[in-house]
Amino acid sequence: MKVIRLVLAAIVLLLSACSSTPTTQPETPPPTSAPTSPPTLTAITTPSPTPVPTLTPTATSTPSPTASPSPVQASIPVPAEVTAWLLANAVPFDTPLPGHGCDDLRPLLAMIGDARVVALGEATHGTSEFFTMKHRLFECLVQEKGFNILAMELGDPDLSRIDAYVRTGQDVLEAALGGAWSNHCWMNTREVTELVSWMRAHNQNPGNAPQVSLRGFDVTFSPTALQEVPLYVSTVDPARRQRVWDDLDCFRQGMADRENYPHLDADTLARCQKGVEAVYDLLLAQAEMYRAVSSPEAYDAAVAAARTLVQSEQLLRLAGDYSGAMNLRDKFMAENAAWLLEQAGPRAKIVLWAHNGHIQTSSVVLPLREYPPLPPEEAGRTFIPMGVHLRAEFGDALMVIGFSFQSGHFRAFPGEGLVTITAPELIEFRAQPPLPNSHEAYLYPQGLDRYYLDLRALPDEGVIADWFGAARHFRTIGSIYDADDPEVLSHLLKLPEAFDIVIGFRETTASRTR
């Protein structure tokens, strides 16, 4: 039970992206009168939603993982040809700060081309330059290429209040970002606050560019979703209000005792699953009426919340299976991102904000050593990131941009190994030097301080192809930082298989608390 408890804590942490504790809200009774309609999305006529399939980590639609790479073992000097190729092909840019136009990013925009999905990664969850550069690039993608959705590695229901502010000015920014976000690695930073402010200002005067919305594609154990769905049905279909409340009651109680949820008897688990699926099916069956009574945007927000409940129930049953839950989570995230794009219509374009470890398009073998509290059988298992699924779905219409740094500061929770937090507050760290023979060890020759690099331009064979094609460690610092074990905070990968483009910074600074 201790291992299950610790693994469940790890999954809860990972599903909250970068908050030390999941958001909790007091249980509310079933509504007795029609509440205010939930926040709506951008005013776009949308097609009927795609149902959530019942998935398992071994579903046949899961792309096959790539073979486990073998790392470069000995310390090897960087060939002069590699350094020369980097200096000739990396494109320096002036600043990561938004509000400086797009002139120095035009080669990058050309690299992105006609992609409808642009995934922007990050090597840590607490680096200022990563956040500001993503903001700057999003501005240019909106203004120059017509992108209209920014979707983050967060739950869609949890962002609904902030999205309402972005689109309508409903609420005030400080209130929308308050409370639950007070210890969050993104939403409690000045960088993301400035991004949200820009999105609101843009929507007030978009010019020839589309208006934008802020969405989420992650699967979270969201109390918000448990509240939003009954409230929406109470508004559009009061006669079914109590039925929806009752259907969700089993999972509502399960959410209150997550540690024991996987150990409930089979009949109870089946009842919880049946309840959340019944609510989702109701929304799909009544799509025409519910859209007419509310709006297409309000309806889609309710469906997104119901999807979250169906998916989180499936994940919670895997609480003792770390790699299984992570694989299912990333598969769901890819499906949710595709669903958001589909709902927004054929002309929509989406930017995804997530960690490098989620957007990369190559699978990862978990380190061949034990990392307590994970059970020893987790060592050597394969993790299939969201990016693998997105590549299978979108092909060349997906552009994957990883972010890298050689040295610098960032914010994270202090911890041990992969999943154990040792203090509840985000603090500032300075990264340990790059591992020998890692990608960071050669990506920053003298004269390259801040640049972007198209990895698709690599030659097919020869010294340069062999060097970049070797499996090397690449920093993958998430919510937790263990300064005593930098190897656990990296993925072993072949850079051109993982990303289309890399944006690199020689030196970085920590994100700024709001």
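Residues numbered from 1 in each chain as written. Predicted model: local features only at pLDDT ≥ 70, side-chain atom pairs only at ≥ 80, totals over all residues. Heavy atoms only, no water.

Some details on the overall build of the protein
When its secondary structure is counted, the protein shows 17 helices and 15 strands. Going through the 514 residues of the protein one by one, you find that 60% of them count as buried. Here the analysis covers contacts within the protein between residues at least 6 apart in sequence; of these, 82% occur between residues at least 24 apart. When the accessible surface of the protein is totalled, it reaches about 19,600 Å², and 52% of it is carbon and sulfur. (Helix = DSSP H or I, 4+ residues; strand = E, 2+ residues; numbered from the N terminus. Buried < 20%, exposed > 50% of the residue type's maximum accessible area, 1.4 Å probe, protein only. Contact = heavy atoms within 4.5 Å. Areas by Shrake-Rupley, 256 points an atom, 1.4 Å probe, with all protein chains shown as cover.)

Remarks on the nonpolar core
Membership of the largest hydrophobic core comes to 82 residues, with the highest contact counts inside it found for L283 and F468. In contact with F468, other than residues within four places in its own chain, are V82, W85, L86, H439, Y442, L443, L453, L455, L458, L495 and P496. Counting 63 residues, the second-largest nonpolar core is a separate cluster that includes F130, F131, F138 and F413. (Core = buried A, V, L, I, M, F, W, Y, C linked by side-chain atoms within 4.5 Å.)

Some remarks on the packing of aromatic side chains
On inspection of all chains with the given rule, the structure shows 19 aromatic pairs. Seen from their ring centres, Y232 and Y290 are 6.1 Å apart, and the 75° between their planes marks the pair as edge-to-face. In this pair, Y232 is assigned in helix 8 (residues 223-236) and Y290 in helix 11 (residues 287-293), connecting sequence segments 58 residues apart. Residue class for Y232 comes out buried when judged on its relative accessible area of 1%. An angle of 25° between the planes, with centres 6.0 Å apart, marks the rings of F410 and F429 as stacked. Of this pair, F410 sits in strand 8 (residues 398-416) while F429 sits in strand 10 (residues 427-430); the two residues are 19 residues apart in sequence, bridging distant segments of the chain. For the pair formed by F410 and F429, the shared burial category is buried. What links up through ring pairs into an aromatic cluster is the set F93, F130, F403, F405, F410, F429, Y452, Y481 and F505. The positively charged end of R252 is found above the aromatic ring belonging to W245, 3.7 Å away from the centroid. Cation over ring: R472 sits above W467, and NZ or CZ is 3.8 Å from the ring centre. (Phe/Tyr/Trp six-rings, centres within 6.5 Å; stacked < 30°, edge-to-face > 60°. Lys NZ or Arg CZ within 6 Å of the ring centre and 35° of its normal.)

A word on the pairing of strand 14 (residues 490-493)
Here strand 14 shows no split at all, with S490 and L492 on one side and H491 and L493 on the other all buried. Pairing of strand 12 (residues 472-475) with strand 14 involves four bridges; the strand directions are antiparallel. Bridge pairing in strand 14 links F474 to H491. (Pairing = 2+ DSSP bridges.)

Here we look at the confidence of the model for the protein
Low-pLDDT stretches of the model should not have their predicted coordinates read in fine detail. Looking at the protein as a whole, its pLDDT mean stands at 86, while 84% of the residues score no less than 70. Note that residues 31-62 has pLDDT below 50 and, in this model, 88 contacts with residues that lie over four places away or in other chains. Counting contacts from residues 64-68, a segment whose pLDDT is below 50, to residues more than four positions away or on other chains yields six contacts. (pLDDT = per-residue confidence, 0-100.)

Considerations on the pattern of salt bridges
If you walk through the whole model with that rule in mind, you get 20 salt bridges. Its salt-bridge partner being R512, residue E191 comes within 3.1 Å of it at the nearest N-O pair. One end of the pair, E191, is in helix 7 (residues 190-204); the other, R512, is in the segment after strand 15 (501-508), with 321 residues separating them in the sequence. Classification of E191 as buried rests on a relative accessible area of 2%. (Salt bridge = Lys/Arg side-chain N within 4 Å of Asp/Glu carboxyl O.)

As for the state of the cysteines
Counted by the stated rule, this structure contains two disulfides. With its sulfur 2.2 Å from that of its partner, C102 forms a disulfide with C140. The chirality of the disulfide connecting C102 with C140 is left-handed, given an S-S dihedral of about -105°. Residue C102 is located in the loop between strand 1 (91-92) and helix 3 (106-112), and its partner C140 is located in helix 4 (residues 128-145); the two are separated by 38 residues in the primary sequence. Summarising the burial analysis for this pair, C102 and C140 share the class buried. What pairs with C250 in a disulfide is C272, and their sulfur atoms sit 1.9 Å apart. The disulfide joining C250 to C272 has a torsion of about -70° about its S-S bond and is therefore left-handed. With C250 in helix 9 (residues 241-256) and C272 in helix 10 (residues 266-285), this pair connects stretches of sequence that are 22 residues apart. Across this residue pair, the class does not change: C250 and C272 are buried. (Disulfide = S-S within 2.5 Å.)

Regarding unusual backbone geometry
For N437, which is not a glycine, the phi torsion comes out positive at approximately 65°. With respect to the helices and strands, the residue N437 is situated in the loop between strand 10 and strand 11 (450-454).

Focus: empty space enclosed by the protein
Within the structure shown, the criterion is met by five cavities of 30 Å³ or more. Each pocket or cavity is described by its volume, and for the second largest cavity that value is around 120 Å³. In this structure, the second largest cavity is lined by 14 residues; those nearest its centre are P433, L435, R475, P486 and L489. Here the lining of the second largest cavity takes three residues from strand 12, the largest share from any one element. Within the lining of the second largest cavity, the residues separate by chemical class into eight nonpolar, four polar and two charged. (1 Å grid on protein atoms, 1.4 Å probe; cavity = no way out; pocket = protein on both sides within 12 Å on 5 of 7 lines; lining within 4 Å. Points joined across faces, edges and corners; volume = space filled by probe spheres on them. Nonpolar A, V, L, I, M, F, W, Y, C, P; charged D, E, K, R; others polar.)

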